[in-house]
Amino acid sequence: MPKVRTNRVKYEAESDPHDGKRKCEALGPIFKISHQRSRYIFDLYYKRNEISKELYEFCLEQGYGDSNLIAKWKKPGYERLCCLHCIQPRDHSFATTCVCRVPQHLREEKVVECVHCGCKGCASGD
């Protein structure tokens, strides 16, 4: 089984200077690494059945994956969710979800970027 080697990359993303960048541009790489690690663990356990339940729970307890994000991925309509900020209505105006959750064919603007994580589209219908 390949090793998950994102701790060094995550540290580099956290220590990268973010002078003159927007908040989503500075935090985007960190969200992306967290998403990749969680998706890797999710795929190993639920899709490919290559790890045991004990190892899966150990990875989540040690913080290698986001258990809340993985729980959302198991529900229909959230299979491609990028982060939990995008579905929390309290973080958006008019108490709705993020613009990256809108399917591409329903968007007025074709190129859209999330203000929280920099996602360009995580709707299940895309």
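These numbers were taken from a predicted model, which means no experiment stands behind them.

## Observations concerning the layout of surface pockets
Considered as a void within the structure, the second largest pocket measures approximately 180 Å³ in volume. The wall of the second largest pocket is formed by Gly28, Phe31, Lys32, His35, Gln36, Cys82, Cys83, Cys117, Gly118 and Cys119. Its residues placed into classes, the lining of the second largest pocket shows 5 nonpolar, 4 polar and 1 charged.

## Notes on the pattern of salt bridges
Once the charged atoms of two side chains with opposite charge are near each other, the side chains can pair. Using the criterion set out here, one finds 2 salt bridges in the structure. Across the pair Glu50 and Arg48 runs a salt bridge, and its minimum N-O distance is 3.9 Å. For Arg48, a relative accessible area of 43% puts it in the partly exposed group.

## Examining the confidence of the model for the protein
Model confidence for the protein is summarised by a mean pLDDT of 80, while 79% of its residues fall at 70 or above. Across the protein, element-level confidence peaks in helix H3 (residues 53-61) with a mean pLDDT of 96 and bottoms out in helix H1 (residues 7-15) with 61.

Definitions and cut-offs
- Sequence order as written defines the numbering, with residues in each chain counted from 1.
- Whole-chain, interface and lining totals are the exception, using all residues; otherwise, since this is a predicted model, local features are given only for residues with pLDDT of at least 70 and side-chain atom pairs are given and counted only at 80 or more.
- Excluding hydrogens and water, the side-chain figures rest on all heavy atoms present in the structure.
- Points on a 1 Å grid over protein atoms alone make up a cavity when a 1.4 Å probe fits among them but cannot get out, and a pocket when they form an open set with protein on both sides within 12 Å along at least five of seven lines; lining residues each have an atom within 4 Å of a point.
- Grid points are joined across faces, edges and corners, and a volume is the space filled by probe spheres set on the points.
- In this count, Pro and Cys sit with the nonpolar residues alongside Ala, Val, Leu, Ile, Met, Phe, Trp and Tyr, while Asp, Glu, Lys and Arg are called charged and the others, Gly among them, polar.
- A pairing counts as a salt bridge when a side-chain nitrogen of Lys or Arg comes within 4 Å of a carboxyl oxygen of Asp or Glu.
- The cut-offs for exposure are 20% and 50% of the maximum accessible area for each residue type, with area from a 1.4 Å probe on protein chains only; residues under the lower value are buried, those over the upper are exposed, and the others partly exposed.
- One confidence number per residue, pLDDT, is output by the predictor and ranges from 0 to 100.
- For the purposes of this entry, the term helix denotes a DSSP run of H or I that reaches at least four residues, the term strand denotes a run of E that reaches at least two, and both are numbered from the N terminus.

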